[in-house]
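# Coordinate analysis (summary)
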Amino acid sequence: MFFLHAIEMRRRKMEEKGDLEGLASLPIVTCFERASAPGGVWRAKRTDGNPDQTDTTNMYEALWTNGPKETIEFPDYTYDDHFHQPLPVYMPRQPLLEYMLCRVTRNCPHFFDEVRFNANVTSVKWDEGNSKFVVATSNHETKEELTETFDKCIWAAGQNGKPSIPMSIKGLLERGGFKGKCIHSSECEDFKTDVEGKRVVFIGDEFSAEDLALQAIKLGVEKVFICSRRGWGTASYTSAWPMNKVEACGCMLPTEVIQDGRGLRVTEIYYDFETDKHEYDDEGDTRDLLDIETVVFCTGYEPSTTMLDA
């Protein structure tokens, strides 16, 4: 989005100056976007009910930024320009998304007209013979598949390409016959149903765990247990929670499904400097978390580069 905005700003300045040579040198940019509208991970619902849009990431509806808003303010379009009022230090997701979109469209209402939405990039390869990038795409709506060539290719999918889920824990829950629901923090569209009146386990203790724990309390959760490898994340360091509904279990992770699929046994872990891994402590403490109905993986994201020819 911001690369396209930079080109549009340069184009506008050249037009004002009558710089025809400069205008002719500007690149012709084709942008492919898997979602149906702009915003990337800042959108709360990226799939829009389309079952073909899989393996996407999104922000949960109630997300607030984990850094001061001043660090992401644009000099060419300030918060005062957009909001016209004082703002909190930390901002909710939706107003920030609107701020970013308005920045690029306020002087160019048709800014996104040439972006190819619903386009999933399935392959990017370098053709040595033609010195071109060969890009294959598939449209979610029309099912049309295209193969095109380009001089340059910019991978701009960001660090949050797909949910990062520890498969060892997910596999443990599946093999153990866990009867509750397992979701990633990016799958909280129906979070009230997942947590209201329930005992819930969070895997991971960073910002998303803190954010979702507070949201779960507002939605009527019975109890939230936060388990993590290190035990030094933001949620673990939080010393007090509303109504004492959140308990950080420190350096503990699930090792067994118990209570006929309705409970989890968590075991203390430690960092082994020789193997450079976290290991379960055979002599460490264990706890039985009973009547667990939902497990939420607050374990972040990782880049999705499967379409790139390595």
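Residues numbered from 1 in each chain as written. Predicted model: local features only at pLDDT ≥ 70, side-chain atom pairs only at ≥ 80, totals over all residues. Heavy atoms only, no water.

## Overview of helix H4 (residues 93-105)
- A rise of 1.5 Å per residue sets the reference length of H4, with its 13 residues, at 18 Å; its end C-alpha atoms lie 19 Å apart and thus fit the reference within 8%.
- Listed as buried for H4 are Arg 93, Leu 96, Leu 97, Tyr 99, Met 100, Arg 103 and Val 104. Considered in projection along H4, the buried side chains sweep an arc of 160° and stay on one side of the axis.
- The secondary structure elements touched by the buried residues of H4 are helix H1 (2-17) and helix H3 (79-83). (Helix = DSSP H or I, 4+ residues; strand = E, 2+ residues; numbered from the N terminus. Expected span 1.5 Å × (residues − 1). Buried < 20%, exposed > 50% of the residue type's maximum accessible area, 1.4 Å probe, protein only. Arc of directions from axis to C-beta. Contact = heavy atoms within 4.5 Å.)

## Re the pairing of strand S8 (residues 246-258)
- Sheet analysis places S8 next to strand S9 (residues 263-272), joined by 6 bridges and oriented antiparallel. Along S9, the bridge assignment pairs Leu 253 with Thr 267.
- Counting the residues in the hairpin turn of S8 and S9 gives 4 residues, including Gln 259, whose phi is positive at 55°. (Pairing = 2+ DSSP bridges.)

## Regarding the pattern of salt bridges
- Counted under the stated rule, the structure contains 13 salt bridges.
- For Lys 179, the salt bridge goes to Asp 260, with nearest N and O atoms at 3.2 Å. Pair noted here: Lys 179 is in the loop between helix H5 (167-175) and strand S5 (181-184) and Asp 260 is in the loop between S8 and S9, with a separation of 81 residues, a long-range link.
- In this structure, a network of salt bridges that share partners links the residues Glu 256, Arg 265 and Asp 288. (Salt bridge = Lys/Arg side-chain N within 4 Å of Asp/Glu carboxyl O.)

## Notes on the packing of aromatic side chains
- Taken as a whole and assessed by the stated rule, the structure comprises 11 aromatic pairs.
- Ring centres 5.7 Å apart and planes at 15° place the aromatic pair Tyr 77 and Tyr 99 in the stacked group. With Tyr 77 in the loop between helix H2 (20-25) and H3 and Tyr 99 in helix H4, the pair connects residues that are 22 residues apart, well separated along the chain.
- Aromatic ring contacts, followed pair by pair, group Phe 2, Phe 74, Tyr 77, Tyr 79, Phe 83 and Tyr 99 into a single cluster.
- Here the guanidinium or amino end of Arg 103 rests over the ring plane of Phe 74, the centre of that ring lying 4.0 Å away. (Phe/Tyr/Trp six-rings, centres within 6.5 Å; stacked < 30°, edge-to-face > 60°. Lys NZ or Arg CZ within 6 Å of the ring centre and 35° of its normal.)

## Re the nonpolar core
- The biggest cluster of nonpolar side chains holds 20 residues, and the ones touching the most others in it are Phe 191, Phe 202 and Val 296.
- Those elements giving two or more residues to this core turn out to be helix H6 (191-195), strand S6 (199-203), helix H7 (207-218) and strand S7 (223-228).
- At 5 residues, H7 tops the list of elements feeding residues into this core.
- Sequence-distant contacts of Phe 202, that is, excluding residues within four places in its chain, are made with Phe 191, Ala 209, Leu 212, Ala 213, Val 224, Phe 225, Ile 226, Cys 227, Val 296 and Cys 298.
- Among the nonpolar cores identified, the runner-up in size contains 18 residues, and Ile 169, Ile 203, Phe 225 and Phe 297 belong to it. (Core = buried A, V, L, I, M, F, W, Y, C linked by side-chain atoms within 4.5 Å.)

## So, unusual backbone geometry
- With a phi close to 60°, Met 243 is a non-glycine residue in the positive phi region.
- Position of Met 243 among the secondary structure elements: in the loop between helix H8 (234-237) and S8.
- The backbone of Gln 259 shows a phi angle near 55°, a positive value even though the residue is not glycine.
- Within the secondary structure, Gln 259 sits in the loop between S8 and S9.

## Notes on the environment of Lys 13
- Of note, Lys 13 is situated in helix H1.
- The spacing of Lys 13 and Leu 23 is 10 residues in sequence and 9.6 Å in space, taken between C-alpha atoms.

## A look at the sheet that holds strand S3 (residues 145-150)
- One open sheet holds the 3 strands; their spatial order is S1-S2-S3, and the pairing between them is antiparallel. Each edge of the open sheet carries a strand with a single partner, namely strand S1 (119-127) and S3. Averaged over all pairs of adjacent strands, the angle between strand axes in this sheet comes to 20°, irrespective of strand direction.
- Pairing geometry for S1 and strand S2 (residues 132-139), over 8 bridges, is antiparallel. Following the sheet pairing, Ser 123 is matched in S2 by Ala 136. (Axes fitted to C-alpha atoms, helices over the stretch in contact; angles between N-to-C directions.)

## A closer look at the confidence of the model for the protein chain
- Summarising the model, the protein chain shows a mean pLDDT of 89, and 94% of its residues fall at 70 or more.
- Of the regions scoring below 50 in pLDDT, residues 51-55 engages in 14 contacts with residues more than four places distant in sequence or in other chains. (pLDDT = per-residue confidence, 0-100.)

## Some words on the side chain of Ser 228
- Here Ser 228 lies in strand S7.
- Owing to a relative accessible area of 4%, Ser 228 belongs among the buried residues under this scheme.
- For Ser 228, the side chain forms a polar contact with the main-chain nitrogen of Gly 231, separated by 3.1 Å.
- Ser 228 has contacts with Gly 204, Asp 205, Ser 236, Gly 250, Cys 251, Met 252, Leu 253 and Ile 269, leaving out every residue within four places of it along the chain. (Polar contact = N/O pair within 3.5 Å; in protein donor to acceptor, adjacent residues only side chain to side chain.)

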